[in-house]
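Descriptive analysis of the structure
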Amino acid sequence: MDSLIYRALVELIQGLAVLMVIAYVMTRIPSFGDLLNRRLSLTHRVILGLVFGLMSIFGTLSSVDIFGGLANFRDLGPAIAGLLAGPVAGGMAGLIGGAHRYSLGGLTAEPCSVATFLAGLIGGFFYLCKKGRPIRIREVTAVMAGITLLHVLVITPLMLGLSNEIRQILKAVLLPMLLVNCAGVALFFFILQNLHRERLNEAEKHRIDSELRIAREIQMGMLPAPSRTGDPRYAVHAVLKPAKEVGGDLYHFFVRDENRICLAVGDVAGKGISASLHMAITQKLLKALAQSGEEPAGLLERLNRELCDGNETMTFVTLLVAFIDLRSGEAVLGNGGHNPPYWIRRGDVSRLVLEPGLALGIREQAVYTNQRLCLKPGDTLFLYTDGVTEAMNAHKELFGDDRLKTALLRVREKDPEAICRGIMEDLAHFVGQSEPSDDITMLVLRLESKEDAAAGAADGC
Amino acid sequence: MRRCRFHKAADEEPLMKVWSKRQKDIVILAVQGRLDAATSPFFEEQVLPMIAAGDKNFLLDLANLDYISSAALRRLLFFAKQAEDRGGRVALLSVQSPILEILDMAGFTQLFAIFTDQEEAIRSF
């Protein structure tokens, strides 16, 4: 007999698969949100009543015979409809399932159909009692257990007149029914709540994504155009690629007057949203202060004082500023703790040796020095952030200065845009499938050689 | 001697470890591995409570530090500032050349006293 009960249980649980499909489909329909927020229209309640009424009929039809007693989960549909959508849906499902059971006739036709109807009403009563508080799986399972026991109580008067043998049969039917009903309700609400939570998470993720996209557009909008054309004496090109949606790298390029231009590249410590806020502040301050005409060291000192103000988190910025006089080719550089740029001259690539200077935002009294360099026509300056040299591959190796130098040697004859493209390709090849570890920025300037330039270009300083 | 490990995954080598010991009123912290955006919050979790508990002089032994990122430098600065606000300071010991290069580039060598000899470092406090 035990093995028979076990087999009956397995068969009944197989029948539950249909219920799980219903649960899944329900979470995929648009008004599903209303379902868990108890904002269902009457039409929806009626539809739910119908669906779970059919579920109840299915429960009757997939009954499993245990010595003539029929174990089934007919009560499950109406109970769920009630728990989910109130007494209207529950009662309706119960009525459908009950009527179908009654039409089949038999000894327990009347009490069984009444019990099914009651199952829907009890579920609905629980729904009303909850008054919108979140449904707990433990509670609905307990309610279902109560409904199943009630079902047994309803048919008990009939059992009194029966032989001992039939009583034994009914007892044998009870256990599988109790287990299947409770498991059914628990699983149904478990699936429902899980999928609902997943959907909320998705919606939240989508919302954050779209906000980050906007932040990214704002951030990119703060940067000057990546390329500058129109002056035959020089060419300039920039690339900025944040590791995440937004980042802490920045660059600036502007024409001070007809003969002088300014370049800057900076990197806020860290990455992501916090870095991007500091990037925005730095970029705006730099833009405003750079117009004053002060030389790089003075510019860095003023910028540093502004950035130190209220910087409790010690978020610092490394910044390299270069002013270039297009007539003489003289470059004046100021360095606030940034990677020194590379200098390309006639096929030679070398890293400039600059006094480091303290990164900005740390110490108000920090001082900076102007460092001079003489550029000739055809010379190229390669400014970058450490996202280039610290790009990491799957073996946790860094791209490093040696590889950067090799890459620069390969593209040394090219124009700024092609140099940026070439280095980006080398980086992509090196990093492979690894996640980008930091923001990557490059700013490349080339003074055109005399043959290329229509107007008189730099002729020594 | 207290010891902490921070694992990325169960089967991986810990990315960073911190050992702490005391000599007089100086806390010596030996940091091993990588200090980056992922591991430096753990470093902070370990050291900020020490400051809150009254410690203010720290000697960071970086002999086995392989890498430090800018995000970690920020936390290091924050840590040093907290110590300085309480009248103490943070000094560095046995900084290896790759790390020294990074510190030097950002100008941080002017912020921290750097020592190669532990006894000398202790005496400096």
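Residues numbered from 1 in each chain as written. Chains lettered and ligands numbered in written order. Predicted model: local features only at pLDDT ≥ 70, side-chain atom pairs only at ≥ 80, totals over all residues. Heavy atoms only, no water.

Digging into the overall build of chain A
Definition in use: Numbering of helices and strands runs from the N terminus, with a helix taken as a DSSP run of H or I at least four residues long and a strand as a DSSP run of E at least two residues long. The quantity called the radius of gyration is restricted to C-alpha atoms. Its globule counterpart is 2.2 Å times the number of residues to the power 0.38. Here's how the labels work: a residue is buried when its accessible area is under 20% of the maximum for its type, exposed when over 50%, partly exposed in between, all with a 1.4 Å probe on protein chains only. Note on definitions: a residue-residue contact is assigned when non-hydrogen atoms from the two residues lie within 4.5 Å. All accessible areas in this document rest on Shrake-Rupley with a 1.4 Å probe, and a residue is counted as covered only by the protein chains that are shown. The charged-residue count follows a simple rule in which Lys and Arg add positive charge and Asp and Glu add negative charge, with His and chain termini not counted at all. To locate a charge, the coordinates of NZ of Lys, CZ of Arg, CG of Asp or CD of Glu are taken.
The secondary structure content of chain A amounts to 13 helices and 13 strands. A compact globule built from 461 residues would reach a C-alpha radius of gyration of about 23 Å, whereas chain A, at 38 Å, exceeds it by more than 25%. When the backbone C-alpha atoms are referred to their principal axes, chain A occupies close to 120 × 40 × 40 Å. Counting every position in chain A, which comprises 461 residues, the buried fraction comes to 52%. Sequence-distant contacts, at least 24 apart, represent 74% of the contacts inside chain A between residues at least 6 apart. Roughly 21400 Å² of accessible area belongs to chain A as shown, and the carbon and sulfur atoms make up 58% of that amount. Placing the 47 positive and 49 negative side-chain charges of chain A at their respective mean positions leaves the two points 7 Å apart.

Things to note about the environment of A:Arg45
All names here are of chain A. Put simply, the test is: A 3.5 Å cut-off defines polar contacts: any pair of N or O atoms within that distance qualifies, except that in protein one atom must be a possible hydrogen donor and the other a possible acceptor, and neighbouring residues in sequence count only when both atoms are side-chain atoms.
Examined against the element boundaries, Arg45 turns out to sit in helix H3 (residues 42-61). Once the C-alpha coordinates of Arg45 and Thr60 are considered, the two residues, 15 residues apart in sequence, prove to be 22 Å apart. Side-chain polar atoms of Arg45 contact the backbone oxygen of Ala85, separated by 2.8 Å.

So, the sheet that holds strand E4 (residues 234-241) of chain A
Residues and elements named next belong to chain A. Using the following cut-off: One requirement defines pairing of two strands: DSSP has to find at least two bridges between them. Axis definition: a line fitted to C-alpha atoms, over the contacting stretch in the case of helices. Angles run 0 to 180 degrees between N-to-C directions.
An order of E3-E4-E13-E12-E9-E10 is seen for the six strands of this open sheet, with the pairing classed as antiparallel. Here the strands that pair on one side only, and so sit at the sheet edges, are strand E3 (227-228) and strand E10 (348-351). Note: E4 against strand E13 (residues 440-447), eight bridges, orientation antiparallel. Directly across from Val239, in E13, lies its bridge partner Met442. Packed onto the sheet, helix H12 (residues 400-411) meets strand E9 (342-345), E10 and strand E12 (380-384) and runs at close to 30° relative to E9.

Re the packing of aromatic side chains
Rule in force here: Working definition: rings of Phe, Tyr and Trp (its six-membered ring) pair if their centres are within 6.5 Å, and the pair is stacked with planes under 30 degrees apart, edge-to-face with planes over 60 apart, and tilted otherwise.
Per the counting criterion, the structure on display carries ten aromatic pairs over all chains. Taken together, a centroid distance of 5.1 Å and an interplanar angle of 75° make the contact between A:Phe316 and B:Phe108 edge-to-face. In this pair, A:Phe316 sits in the loop between helix H10 (296-308) and strand E7 (317-325) while B:Phe108 sits in the loop between helix H3 (97-105) and strand E6 (113-115), so the two residues belong to two different chains. For the pair A:Phe316 and B:Phe108, a shared accessibility class is recorded, and that class is buried. Consider the rings of B:Phe58 and B:Phe79, whose centres lie 4.8 Å apart with planes at 65°: the pair is edge-to-face. Remark: B:Phe79 occurs in helix H2 (residues 70-85) and B:Phe58 occurs in strand E4 (residues 57-68); sequence separation between them is 21 residues. Exposure class is identical for B:Phe58 and B:Phe79. Each is buried.

Here we look at the interface of chain B and chain A
The condition that has to hold: In this description, buried area is defined as the sum, over both parts, of the accessible area (probe of 1.4 Å) that is lost when the two are combined. For salt bridges, the criterion is a side-chain nitrogen of Lys or Arg within 4 Å of an Asp or Glu carboxyl oxygen.
In this complex, chain B contributes 18 residues to the contact, which on the side of chain A involves 23 residues. Carbon and sulfur atoms supply 60% of the area that chain B and chain A bury against each other, a total of about 1800 Å² over both sides. A per-residue breakdown of the area chain B buries against chain A is headed by B:Ser70, B:Arg74 and B:Met105, which together make up 30% of the total. For the interface between chain B and chain A, the tally reads one salt bridge. Residue A:Glu312 pairs with B:Lys81 through a salt bridge whose shortest N-O separation is 3.5 Å. Across the contact surface, chain B and chain A share four residue pairs in polar contact (both at pLDDT 80 or more). Elements with a minimum of two residues in the side of chain B that touches chain A: H2 and H3 of chain B. The element contributing the most residues to the side of chain B that touches chain A is H2(B), with seven residues.

Some details on helix H5 (residues 87-104) of chain A
Residue and element names in this part refer to chain A. To be explicit about the condition: A helix is expected to reach a length of 1.5 Å times the quantity of its residues less one.
Compared with the 26 Å implied by 1.5 Å per residue over 18 residues, the 25 Å span of H5 between its first and last C-alpha is a close match. Listing the buried residues of H5 in full gives Ala89, Gly90, Gly91, Ala93, Gly94, Gly97, Gly98, His100 and Arg101. Check the buried side of H5 and you find it contacts H3, helix H4 (76-85) and helix H6 (109-130). Just beyond H5, the residue with positive phi is Gly105, at close to 70°.

A look at H6(A)
Along an α-helix, a turn takes 3.6 residues, which lines up residues three or four apart on a common side. With 22 residues, H6(A) should reach 32 Å at 1.5 Å per residue; the first-to-last C-alpha distance of 32 Å fits that figure. Following H6(A) by one or two positions, A:Lys131 has its phi on the positive side, about 45°.

Considerations on the sheet that holds strand E6 (residues 260-268) of chain A
Each strand in a sheet pairs with its neighbour through backbone hydrogen bonds, running either in the same direction (parallel) or in the opposite one (antiparallel). Residue and element names in this part refer to chain A. Here five strands make up an open sheet; going across it, the order is E5-E6-E7-E8-E11 and the pairing antiparallel. Only two strands of the sheet have a single partner each, and these edge strands are strand E5 (249-257) and strand E11 (371-374). Averaged over neighbouring strand pairs, the angle between their axes works out to 20° when direction is ignored. Across nine bridges, the pairing between E6 and E7 is antiparallel. Paired with Ala264 across the strands is Val321, a residue of E7. Helix H9 (residues 272-290) rests against E5, E6 and E7 of the sheet, and its axis sits at about 10° to E5. On top of the sheet, H10 reaches E7 and strand E8 (330-336); it is set at about 150° to E7, its chief contact.

Observations regarding a nonpolar patch on the surface
Residue and element names in this part refer to chain A. Put simply, the rule reads: In this scheme, patches are assembled from residues that exceed 30% relative accessible area and form no salt bridge. Like charges are connected within 9 Å, while nonpolar side chains (Val, Leu, Ile, Met, Phe, Trp, Tyr) are connected within 5 Å.
On the surface, a cluster of nonpolar side chains totalling about 360 Å² of accessible area is made up of Val21, Tyr24, Val25 and Ile29. Looking at the element boundaries, Val21 is found in helix H1 (residues 2-28). A relative accessible area of 52% places Val21 in the exposed class.

What about the pattern of salt bridges?
Evaluated as defined, the whole model comprises 20 salt bridges over all chains. Through salt bridges with shared partners, a single network forms among A:Lys130, A:Arg136 and A:Glu139.

Points about the packing of helix H1 (residues 40-52) of chain B against H2(B)
Residues and elements named next belong to chain B. Our working rule: Put simply, angles under 35 degrees are roughly parallel, angles over 145 are roughly antiparallel, angles from 65 to 115 are roughly perpendicular, and the rest are oblique. In this classification, the charged set is Asp, Glu, Lys and Arg, the nonpolar set is Ala, Val, Leu, Ile, Met, Phe, Trp, Tyr, Cys and Pro, and all remaining amino acids, among them Gly, are polar.
Interhelical geometry of H1 versus H2 gives an angle of 0° and a closest axis separation of 10 Å. It follows from the interaxial angle that H1 and H2 lie roughly parallel. For the pair H1 and H2, the contacting residues are Ser40, Pro41, Phe43, Glu44, Val47, Leu48 and Ile51 in the first and Ala71, Ala72, Arg75, Leu76, Phe78, Phe79, Gln82 and Ala83 in the second. Here the contact of H1 with H2 is built from residues that sort into eleven nonpolar, two polar and two charged.

Notes on the environment of A:Asn339
Following the sequence through the fold, A:Asn339 ends up in the loop between E8 and E9. Residues A:Asn339 and A:Asp386, spaced 47 residues apart in sequence, show a C-alpha to C-alpha distance of 6.9 Å. Contact partners of A:Asn339, with chain neighbours within four places excluded, come to A:Tyr384, A:Asp386, A:Thr389 and B:Met105.

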